[in-house]
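Coordinates in review
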Amino acid sequence: MKGKGKEILLTKFGKNLAKYREARKMTQMDVAVAIEVYPGYISRLENGKVEPGLFLILALAEALEVTPNDLLT
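Figured I'd write up the structure that's included with this text.

Analysis parameters
- Residues numbered from 1 in each chain as written.
- Predicted model: local features only at pLDDT ≥ 70, side-chain atom pairs only at ≥ 80, totals over all residues.
- Heavy atoms only, no water.
- Core = buried A, V, L, I, M, F, W, Y, C linked by side-chain atoms within 4.5 Å.
- Buried < 20%, exposed > 50% of the residue type's maximum accessible area, 1.4 Å probe, protein only.
- Helix = DSSP H or I, 4+ residues; strand = E, 2+ residues; numbered from the N terminus.
- Contact = heavy atoms within 4.5 Å.
- Arc of directions from axis to C-beta.

To continue, consider the nonpolar core. Side chains of a nonpolar character, in soluble globular proteins, are inclined to be buried together. If you look at the biggest cluster of nonpolar residues, it comprises 17 residues, and the most contacted ones within it are Phe13, Ile42, Leu45, Leu60, Leu64 and Leu71. At the level of secondary structure, the elements contributing two or more residues to this core comprise α1 (3-23), α2 (28-35), α3 (39-46) and α4 (54-64). Take this core: its biggest share by element is six residues, from α4. The contact partners of leucine 71, leaving out residues within four places of it in the chain, are Lys12, Phe13, Asn16, Leu17, Tyr20, Ile57, Leu60, Ala61, Leu64 and Val66.

Right, here's the structure in full:
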């Protein structure tokens, strides 16, 4: 996927990630430690700057106790 559609999906994913992270009262650092990535990467995900892979989405969903679908829709 390219262009505006991809940008919209990445923005939606980022907003959902931030929403569920905040609902769990977790910091970006907490999430980063839980899934073993740098905290700055969580920030970039939340801001729609990077495209997460399948295994990262699964790890994030597990850490946040949500489904992958929750993050994607």
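To continue, consider α3. Burial in α3 covers these residues: Ile42, Leu45 and Glu46. Seen along its axis, α3 keeps its buried residues to an arc of 95°; they face one direction. Summarising the contacts, the buried residues of α3 are in contact with α1, α2 and α4. In the stretch just after α3, glycine 48 is the one whose phi turns positive, near 70°.

Further remarks concern the environment of alanine 61. Inspection of the secondary structure puts alanine 61 in helix α4. In sequence terms alanine 61 and isoleucine 35 are 26 residues apart; their C-alpha atoms lie 10.0 Å from each other. Leaving out residues up to four positions away in the same chain, alanine 61 has contacts with Val66, Thr67, Pro68 and Leu71.

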